[in-house]
Each structure stands twice: as C-alpha cells, then as structure tokens.
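As a plain string of letters, each chain reads:
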Amino acid sequence: DLVLLTGASGFIAGHIVKQLFEKGYKVLGTVRSDAKGEFLKKQYPGFEYEIVTDISTPSAFDAVFQAHPDIKYVLHTASPFHFQGNDPEKELLIPAINGTKSALSAAHKYGVNVKKIVITSSFAAMVQYPFNLSDPNFVYTEEHWNNITYEEAKTDNVLGYFASKTFAERAAWDFLEAEKPKFTITTIQVPYVFGPPINDIGLKNLNTSNQLIQGVLSNSGELELPGEPLLYVDVRDVAATHITAMTNAGLDNKRCFSSTGVANNQLMLDTLRKVRPQYTEGLTNVGVPGSFDAANYVKFDNSESQKYLQLKYKTLEETIADTADRLKELAKAE
Ligand code: NDP
C-alpha cells in the first residue's frame with residue numbers, strides 16, 4: 001500500500017519513514033529540495049519523492065495526487081514549527097492552514113484511492129489560552145480546543161505557532177463537514193516531542209522541540225530551573241501513533257491525543273544526571289534535585305485514544321538517554 005508522507009524531511013517524519021518501511025509500506029514523500037529527497041532515498045532505496053516547495057499554495061499537492069493515483073493513505077506532517085521571523089501570519093498561520101487545506105482538497109479531487117488522512121496536529125490546538133499548566137485540577141482530554149483568536153495570534157511568534165496548529169486542525173474538520181469526502185480523517189494531538197533526530201540535520205538546524213533537550217544537555221549554568229511545565233511524548237511513539245491511526249477504523253474521524261507525561265527542566269536535568277551522568281560531570285547548576293512533583297501540574301486523560309493505540313509509551317528515562325546520545329553524536333560530527 002502506498003503512503004504519501006508530507007514534510008518527509010522533518011524530525012517526526014524521519015521516524016515515520018523508518019517505521020513505515022519496517023512495516024512493509026511503500027513510501028512517497030514530499031520534500032522541499034532534491035537534496036532532502038536524495039538523503040532519504042540513500043537510507044531507504046525504495047523511497048520515492050516529489051518536490052513541494054511551499055504548502056501555502058492552494059494547489060500545492062494537486063500534481064502529486066495526479067501523478068500517483070495509487071496513494072491509499074496520507075500522513076500530513078508538513079507545517080512550520082519555529083518561533084522565528086517577523087510575520088507570524090505569513091510564516092506560520094497561512095502555511096499551516098493552507099497546507100492542510102491543499103492536502104485535503106488535492107486528495108478529494110485527485111486521490112481516487114485515498115482511504116485515510118492522518119494529520120499531525122498538536123497539544124497547541126488543545127491548550128487553553130492564556131496558557132497555564134500549573135493548575136493541578138485541570139484535566140486535558142480530546143474535547144479541549146485552544147480558544148485563541150486569529151487576531152491575537154497575528155502579533156506574536158509563539159501565539160502564531162499555537163494558533164497555526166489550532167486553525168489548521170479546525171480547517172480539516174470544517175473540510176470534512178463541508179465536502180463529505182470518501183476518505184476518513186484522524187488528527188493527532190502531540191505535545192513537545194523529544195527523541196533522537198534521524199533526519200539529515202546538524203545541531204545548528206536542530207528541530208524546535210529537541211532544542212529543549214539540547215539546552216539541558218549543554219547546560220553550563222544558564223539553564224532556567226525548575227523551568228516551565230510542559231507535556232511531552234517520544235518521537236518513536238508519535239510515529240507509531242500515526243501509523244496505527246492510518247489503519248485503525250476506531251480512530252476514524254476522531255482526535256487522538258498522544259502524550260506521555262508532564263515535565264520541566266528540573267525533571268529533565270535530574271533524569272539526564274541519572275541515566276547519563278557522564279554528560280553532566282562537574283555541573284553546579286543543578287537546581288533542587290528531586291523537587292519536581294507531577295501532582296502540582298495539569299493532568300491529562302487520553303484513555304479514549306489509548307483504547308485504540310494500545311501503546312506502551314517510552315519513559316522519560318529512555319527518551320532522554322537516547323536523545324542525549326544522538327545529540328552528542330551530532331555535536332562530535334560538527
Ligand atoms: P520539523 O521542522 O522537523 O518538520 C517540519 C516539516 O514541515 C519539514 O519537513 C519542513 O520542511 C516542512 N515544512 C515546513 N514549512 C513548510 C512549507 N511552507 N512548505 C513545505 N514544507 C514545509 O518539525 P517536526 O517534525 O517537529 O514537526 C512535524 C509536525 O509535527 C508539524 O506539523 C508540527 O506542527 C507537529 N508537531 C510537532 C511537535 C514537536 O514538539 N516536535 C509538537 C506538536 C506538533 P523542511 O525540512 O524543508 O524545512
């Protein structure tokens with residue numbers, strides 16, 4: 001079965017490609033340059049790719065579906081994830097929203113064999129604005145939607161990113177309702193994704209979420225402790241979630257919240273010192289070890305998605321150990 005993976009060069013997509021090949025799928029990726037496509041082809045000789053330089057263009061994916069009528073599943077991961085730039089609307093909101101619309105409309109118009117579309121959404125599309133993860137009585141579920149307005153989001157990069165995921169996901173559900181396509185949809189809400197990057201990047205181009213782990217790893221006194229609370233999940237679990245959602249009819253036309261736990265810099269540093277003490281020798285900025293208590297923060301309940309995923313989520317210890325090893329390897333290669 002042929003799977004179209006948009007944004008195949010990305011951090012999360014790197015693990016999706018790997019797991020798709022391990023499961024025997026054929027993979028067609030969209031990337032923004034030949035160099036990124038060729039890198040993946042070298043790793044996986046069966047990998048095919050098409051160039052889609054900008055997902056903001058409304059017809060961005062038309063030619064891809066026209067050229068590949070055998071596409072059965074679509075995993076739409078492409079979307080800008082950064083907090084840089086001068087124009088959040090142009091650089092974050094529009095590409096995210098138009099990218100989702102263009103993938104769906106192209107599949108609807110030309111994807112004669114498309115059965116299922118899985119869209120990488122985010123906890124950003126659920127979190128209540130203004131953000132506060134320090135309320136121990138709040139329980140997040142798939143029912144929650146970020147209530148930020150488009151106008152509020154246009155003024156700030158962080159708000160712009162959070163809203164880009166919110167409005168892009170809304171666009172998907174609106175499309176389903178308005179167009180009644182013959183395929184089904186699942187949107188995956190993931191919080192901060194950590195894990196070893198296996199796409200072709202150097203530390204200079206490290207994806208946004210792993211920069212937090214890099215910050216803990218390269219802490220030479222400046223790391224903010226205890227730091228802000230966040231929800232996290234391992235990239236390998238995120239990849240597996242996408243692939244399960246692709247074929248598990250129980251998740252058809254549903255949101256699927258995939259999250260492991262809550263953490264902050266203190267917990268991540270404590271964990272790093274435990275699992276890889278050799279990386280933190282001589283460190284004096286250690287905060288108050290052992291002071292993190294999940295009871296002080298928001299809770300989440302993803303039992304509805306877990307019914308179908310049946311995923312044994314990786315522990316923070318596994319995630320931090322594997323990520324730290326890989327980041328050290330990348331540092332050595334620079
Ligand atoms: P990456 O930045 O590594 O991947 C993003 C991908 O989207 C890249 O392949 C990138 O291409 C592509 N892309 C971005 N903008 C455009 C554009 N305008 N036109 C075409 N392609 C574009 O990030 P992640 O792997 O972390 O993110 C993947 C998805 O997961 C995104 O939808 C993101 O919002 C979502 N997500 C990620 C989380 C995380 O913590 N990592 C948390 C929640 C959701 P290129 O490589 O050429 O830049």
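Shown above is the structure to which this text applies.
For the structure given in this document, a descriptive report is provided here. (Residues numbered from 1 in each chain as written. Predicted model: local features only at pLDDT ≥ 70, side-chain atom pairs only at ≥ 80, totals over all residues. Heavy atoms only, no water.)

**Considerations on unusual backbone geometry**
What is expected of a backbone is that most residues other than glycine have negative phi and most peptide bonds are trans. The linkage connecting Tyr129 with the following residue, Pro130, adopts the cis geometry, with an omega of 0 degrees. With respect to the helices and strands, Pro130 occurs in the loop between strand S5 (116–120) and strand S6 (139–140). With an omega dihedral of 5 degrees, the bond running from Leu225 to Pro226 counts as a cis peptide bond. Tracing the backbone shows Pro226 in the loop between helix H7 (210–217) and strand S9 (230–234). (Helix = DSSP H or I, 4+ residues; strand = E, 2+ residues; numbered from the N terminus.)

**A short note on the site of the ligand**
The full set close to the ligand counts 28 residues, and Ser9, Phe11, Arg32, Tyr161 and Lys165 are the nearest of them. One of the backbone N or O atoms of Gly10 is found 3.3 Å from an oxygen atom in the ligand. Between an oxygen atom of the ligand and a side-chain N or O atom of Lys36, the distance comes to 2.8 Å. Expressed as a share of its isolated accessible area of 890 Å², the protein-covered part of the ligand is 89%. Elements with a minimum of two residues in the shell around the ligand: helix H1 (11–22), helix H6 (157–179) and strand S8 (192–194). For the shell around the ligand, the class distribution of residues is 13 nonpolar, eleven polar and four charged. (Near = heavy atom within 4 Å. Polar contact = N/O pair within 3.5 Å; in protein donor to acceptor, adjacent residues only side chain to side chain. Areas by Shrake-Rupley, 256 points an atom, 1.4 Å probe, with all protein chains shown as cover. Nonpolar A, V, L, I, M, F, W, Y, C, P; charged D, E, K, R; others polar.)

**What to know about the packing of aromatic side chains**
In the structure shown here, the tally under the stated rule is 17 aromatic pairs. A centroid spacing of 5.6 Å and a plane angle of 75 degrees characterise the contact between Tyr150 and Phe167, whose relative ring orientation is edge-to-face. Pair noted here: Tyr150 is in helix H5 (residues 150–153) and Phe167 is in helix H6, with a separation of 17 residues, a long-range link. Consider the rings of Tyr192 and Phe194, whose centres lie 6.2 Å apart with planes at 25 degrees: the pair is stacked. Taking relative accessible area as the criterion, Tyr192 reaches 24% and is therefore assigned partly exposed. Grouped by ring-pair contacts, the aromatic residues Phe81, Phe83, Tyr129, Phe131, Tyr161 and Phe162 constitute a single cluster. When the ring centre of Trp145 is taken as reference, the NZ or CZ atom of Arg170 above it lies at 4.2 Å. A cation sits over an aromatic face here: Arg255 above Trp145, 3.8 Å from the ring centre. (Phe/Tyr/Trp six-rings, centres within 6.5 Å; stacked < 30°, edge-to-face > 60°. Buried < 20%, exposed > 50% of the residue type's maximum accessible area, 1.4 Å probe, protein only. Lys NZ or Arg CZ within 6 Å of the ring centre and 35° of its normal.)

**A closer look at the pattern of salt bridges**
Opposite charge on two side chains allows them to pair when their charged atoms are near. Overall, the coordinates contain 14 salt bridges when judged by the stated rule. Two residues, Asp322 and Arg236, come together in a salt bridge whose shortest N-O distance is 2.8 Å. Of this pair, Asp322 sits in helix H11 (residues 316–333) while Arg236 sits in helix H8 (residues 235–247), and the two are 86 residues apart along the sequence. For Asp322, a relative accessible area of 29% puts it in the partly exposed group. We classify Arg236 as buried; its relative accessible area is 17%. Through salt bridges with shared partners, a single network forms among Asp234, Arg236 and Asp322. (Salt bridge = Lys/Arg side-chain N within 4 Å of Asp/Glu carboxyl O.)

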